[in-house]
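# Summary of structural features
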Amino acid sequence: MIYLDYQATTPLAPEAREAMLPWLDKFGNPHSPHRLGREAGAAIEIATAQIASALGDSDDKGRLILTSGATEAANWALQGAVAGARRKIVTIATEHACVLDTAEWLAGRNAELVILPVLPNGLVDMEAAARAIDERTALVAAMLVNNEIGVIQPIAELAQLARRQGALFFCDAVQGFGRIDLPLDACDLVAISAHKVHGPKGIGALWLRDQLEWPAMIHGGGQQQGLRSGTLSPMLAAGFGAAAALTKDRVEYDRLHISNLSKLADDLFEDWILNGDRARRYGGNRNLRRDGVDASRLISELRDIAFSAGSACASGSGRPSHVLRALGLSEPQARSSIRLGFGRYTTQEELCEAAAAINQAAARQLEWA
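Residues numbered from 1 in each chain as written. Predicted model: local features only at pLDDT ≥ 70, side-chain atom pairs only at ≥ 80, totals over all residues. Heavy atoms only, no water.

## Comments concerning the pairing of strand β4 (residues 112–116)
When strand β3 (residues 88–92) meets β4, the two strands line up parallel, connected through five bridges. Bridge pairing links K88 to E112 in β4. Of the crossover connections in this fold, the one passing from β3 over helix α4 (residues 97–107) to the parallel β4 is right-handed. (Pairing = 2+ DSSP bridges. Helix = DSSP H or I, 4+ residues; strand = E, 2+ residues; numbered from the N terminus. Right-handed = clockwise from strand over helix to strand, strands pointing away.)

## With respect to the pattern of salt bridges
If you walk through the whole model with that rule in mind, you get 18 salt bridges. Linking R339 and D5 is a salt bridge whose minimum nitrogen-to-oxygen distance equals 3.2 Å. Of this pair, R339 sits in strand β12 (residues 337–341) while D5 is found in the loop between β1 (2–3) and α1 (14–20), placing the two residues 334 residues apart along the sequence. Taken as a pair, R339 and D5 share a single burial class, namely buried. Residue E112 pairs with R136 through a salt bridge whose shortest N-O separation is 2.8 Å. Of this pair, E112 sits in strand β4 while R136 sits in the loop between α5 (126–132) and β5 (137–143); the two residues are 24 residues apart in sequence, bridging distant segments of the chain. Salt bridges here are not isolated pairs; linked through shared partners, they connect K88, E112, D134 and R136. (Salt bridge = Lys/Arg side-chain N within 4 Å of Asp/Glu carboxyl O. Buried < 20%, exposed > 50% of the residue type's maximum accessible area, 1.4 Å probe, protein only.)

## Things to note about the sheet that holds strand β6 (residues 168–172)
Read across the sheet, seven strands follow the order β2-β8-β7-β6-β5-β3-β4 without closing on themselves; strand pairing throughout is mixed. Since the sheet does not close on itself, it has two edges, and those belong to β2 (62–67) and β4, each with one partner. Between one strand and the next, the sheet's axes are offset by a mean angle of 20°, whatever the strand orientation. Bridge count between β5 and β6: five bridges; the pairing is parallel. In the sheet register, L139 faces β6, and the bridge partner there is L168. (Axes fitted to C-alpha atoms, helices over the stretch in contact; angles between N-to-C directions.)

## A word on the side chain of S337
Along the chain, S337 turns up in strand β12. Look at S337 and you get buried, because its relative accessible area is 0%. At 3.1 Å, the side chain of S337 and the side chain of N275 are in polar contact. A polar atom in the side chain of S337 sits 2.9 Å from the backbone oxygen of Q333. Among residues more than four places away in sequence, those in contact with S337 are N275, N287, L288, R289, A295, A309, L324 and L329. (Polar contact = N/O pair within 3.5 Å; in protein donor to acceptor, adjacent residues only side chain to side chain. Contact = heavy atoms within 4.5 Å.)

## Remarks on the packing of aromatic side chains
Aromatic rings considered in pairs are described by the distance between their centres and by the relative angle of their planes. Inspection of every chain in the model, using the stated rule, returns two aromatic pairs. Taken together, a centroid distance of 5.6 Å and an interplanar angle of 50° make the contact between Y3 and Y6 tilted. Exposure remark for Y3: the relative accessible area of 24% places this residue in the partly exposed category. Ring plane angle 80° and centroid distance 6.3 Å describe the contact between F269 and W272, whose orientation is recorded as edge-to-face. One exposure class covers both F269 and W272, and it is buried. (Phe/Tyr/Trp six-rings, centres within 6.5 Å; stacked < 30°, edge-to-face > 60°.)

Below you can see the structure in the form of structure tokens.
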């Protein structure tokens, strides 16, 4: 199997696996006061520090609260933002479903919602953003790197618009964390996920800027500063911490590797149209369109290559990608698009082999059409 679906999830790093294995047998509750508990608690503290450092918070500018994943973190960020006097949320049409669906749910409970359009290249319409972000705005939510098309949004500029109006800025940094620089100083809240950076599934985090008062997500035992109660998993935390530390240690190597693969992909798929801006993008994401191709059929035919037609979270809905439709693509164009994601463990040989198979299968479809 050639794996080209790095936006959906990433292979577990050997270093993360090694960090997790001891905690299959060490069963102490990390919130207990005895030696076993203190040992487990210390592992979580070390992991949290590793994650915060990889995020760019080496000066303790904020608090990192571990969650079940980025979806929970995004839900918490949006719900917490409208708990005060302001009730307006401004976000972007190409955001992940965990942001858009939560925002729509809040809109059904008396929150005001503005969904900003994007230009044909996938970048947010900044003029529309400037008009929409006003003194009533509680939160501006924007994704650092789009999960479907890889476009990098102007986070710092959007955050500046929010701060001028006294609004908070939330960044879904899931696809960018450990891959590109995050302007952490511009953010008030940030969501990240372990399994997008070669860590385990089932754990993520919400970073909150210091002095930011925030309502608790889960009540109970008072764990994690009383903001999210529940017994934490030392095993998942250790895996997340090791994976995060690895992204920091390998950042230059990983970026060079992705850059080389990205250039190769441009040559291998020269007959395809790139969806999204060509310059402002993360190189490990290629959303490609070849009009007349049936993407779902292509994926079904090529069973030894793992790639997708869009977000894994929405792939079972049967609906064309909301991201591609926001770019102005027609439904047939959206259904003719595939997403290829490659990363740390992808080889050039694998990419070449996959490209040959995809191009041949696409050519057969067009010939038979």
